Amino acid sequence: MAPPTSRPTDPAEPGTAAGKPTGEPADPAGGRGMRADARRNRARILAAAGEVFAEKGPAASTEEVAARAGVAVGTVFKHFPAKRDLLRAIMKDLLAELTRDVADLAARDDPAAALFAFMERTVEQAAHKRTVAGLLAEAGAGIQVSDALLPLREGIEALLTRAQRAGTVREDACADEVIALITGLCQGAMHAGWDPGLRRRTLAIVADGLRAHPDALTPSPVRRTG
């Protein structure tokens, strides 16, 4: 019997796929061990899903994802038996992308620019994936920004240390504070619906606060009278 061409897209939909219960990813290894054509299909599906959810919001359907990716709907369900699996894979892919970003930015000549570029990319991605994060939360599988940043702590600390050694970022800043700032910015971008202009202005203010300002005048001590 030919595979169905349409299925419900509710995150908690019942049923099985490829012999696995719905809710368990068909490719938990994230594509490792798959044939090359299957890996390509999976990558196309994730890229298309990110675009469709960003454009259409919660109303986006699996059929639209399949059409954008240029694959059959059955192919989407083969890789991601339920909509929740697809959403979680998008977030996992995002984390992998941010991990690569940290490594790439660490090679930049301007350490401060590298740190601020990472902060900007993370906040922009949070804004872009706000629908995915919201749908995961509704399905009871939400991902906290602070938890998602934990695997990136070492890379963020390396970016910060390089910038401090170059004398371009204030020495009293630590990785915990930078992660807290990124978390707050991401939460604002995702949940408060900051527009691009507000994100840029807020990031600029945060970056200015982190920069070292060696030419700034030291405040005079307060003089007591009487």
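All values reported here derive from a predicted model rather than from experimental measurement.

Draft legend 1. Looking closely at the overall build of the chain. On a plain count of helices and strands, the chain comes out with 10 helices and 2 strands. Counting across all 226 residues of the chain, residues that qualify as buried make up 42%. Summarising the internal contacts of the chain: among those between residues at least 6 apart in sequence, 71% fall at separations of at least 24. Of the accessible surface of the chain, which amounts to about 12700 Å², a share of 53% is contributed by carbon and sulfur atoms.

Draft legend 2. Fine view of the nonpolar core. Counting residues in hydrophobic clusters, the biggest one holds 57 residues, and the most contacted among them are Phe53, Leu86, Phe118 and Met119. Top contributing element to this core by residue count: helix α5 (residues 111-128), with 10 residues. Aside from chain neighbours lying at most four places away, what touches Phe53 is Ala60, Lys83, Leu86, Leu87, Ile90, Thr131, Val132 and Leu135.

Draft legend 3. Geometry of helix α1 (residues 36-56). The first and last C-alpha atoms of α1 sit 30 Å apart over 21 residues, in line with the 30 Å expected at 1.5 Å per residue. All of the buried residues in α1 are Ala38, Asn41, Arg42, Ile45, Leu46, Ala48, Ala49, Gly50, Val52 and Phe53. On its buried side, α1 packs onto α2 (62-69), α3 (73-79), α4 (83-105), α5 and α6 (130-138).

Draft legend 4. How the structure looks around the pattern of salt bridges. Under the criterion given, the structure shown has 8 salt bridges. The shortest N-O distance in the salt bridge between Glu51 and Arg68 comes to 3.1 Å. Remark: Arg68 occurs in helix α2 and Glu51 occurs in helix α1; sequence separation between them is 17 residues. Relative accessible area serves as the criterion here: at 38%, Glu51 is assigned to the partly exposed category.

Draft legend 5. Spotlight on the packing of helix α9 (residues 175-191) against helix α10 (residues 196-210). Where α9 contacts α10, the two axes come as close as 11 Å, and the packing angle between them is 170°. Considered as vectors, α9 and α10 are oriented roughly antiparallel to each other. In this structure, α9 contributes Leu181, Leu185 and Ala189 to the contact, and α10 contributes Arg199, Thr202, Leu203, Val206 and Leu210. Class assignment for the residues of the contact of α9 with α10 results in 6 nonpolar, 1 polar and 1 charged.

Draft legend 6. A look at α6. Those residues of α6 that fall on the buried side of the exposure criterion are Thr131, Val132, Ala133, Leu135 and Leu136. Elements in contact with the buried residues of α6: α1, α4 and α9.

Draft legend 7. Main features of the side chain of Thr131. Within the secondary structure, Thr131 is located in helix α6. For Thr131, a relative accessible area of 16% puts it in the buried group. Residues in contact with Thr131, not counting those within four places in the same chain, are Phe53, Gly57 and Pro58.

Draft legend 8. Representation of the environment of Leu46. Turning to its location among the elements, Leu46 is positioned in helix α1. Each C-alpha atom of the pair Leu46 and Ile90 lies 6.0 Å from the other, and the pair is 44 residues apart in sequence.

Draft legend 9. Geometry of the confidence of the model for the chain. Per-residue confidence for the chain averages 79 on the pLDDT scale, and 75% of its residues sit at or above 70. A low-confidence stretch, residues 1-29 (pLDDT under 50), is modelled with 49 contacts involving residues beyond four sequence positions or located in other chains. Long-range and interchain partners of residues 216-226, a stretch whose pLDDT sits below 50, account for 0 contacts in this model, where long-range means more than four residues apart.

Draft legend 10. Here's a closer look at the environment of Ala114. Relative to the helices and strands, Ala114 is located in helix α5. With 45 residues separating them along the chain, Ala114 and Leu159 place their C-alpha atoms 7.0 Å apart.

Rules behind the numbers
- Residues numbered from 1 in each chain as written.
- Predicted model: local features only at pLDDT ≥ 70, side-chain atom pairs only at ≥ 80, totals over all residues.
- Heavy atoms only, no water.
- Helix = DSSP H or I, 4+ residues; strand = E, 2+ residues; numbered from the N terminus.
- Buried < 20%, exposed > 50% of the residue type's maximum accessible area, 1.4 Å probe, protein only.
- Contact = heavy atoms within 4.5 Å.
- Areas by Shrake-Rupley, 256 points an atom, 1.4 Å probe, with all protein chains shown as cover.
- Core = buried A, V, L, I, M, F, W, Y, C linked by side-chain atoms within 4.5 Å.
- Expected span 1.5 Å × (residues − 1).
- Salt bridge = Lys/Arg side-chain N within 4 Å of Asp/Glu carboxyl O.
- Axes fitted to C-alpha atoms, helices over the stretch in contact; angles between N-to-C directions.
- Parallel < 35°, antiparallel > 145°, perpendicular 65-115°, else oblique.
- Nonpolar A, V, L, I, M, F, W, Y, C, P; charged D, E, K, R; others polar.
- pLDDT = per-residue confidence, 0-100.

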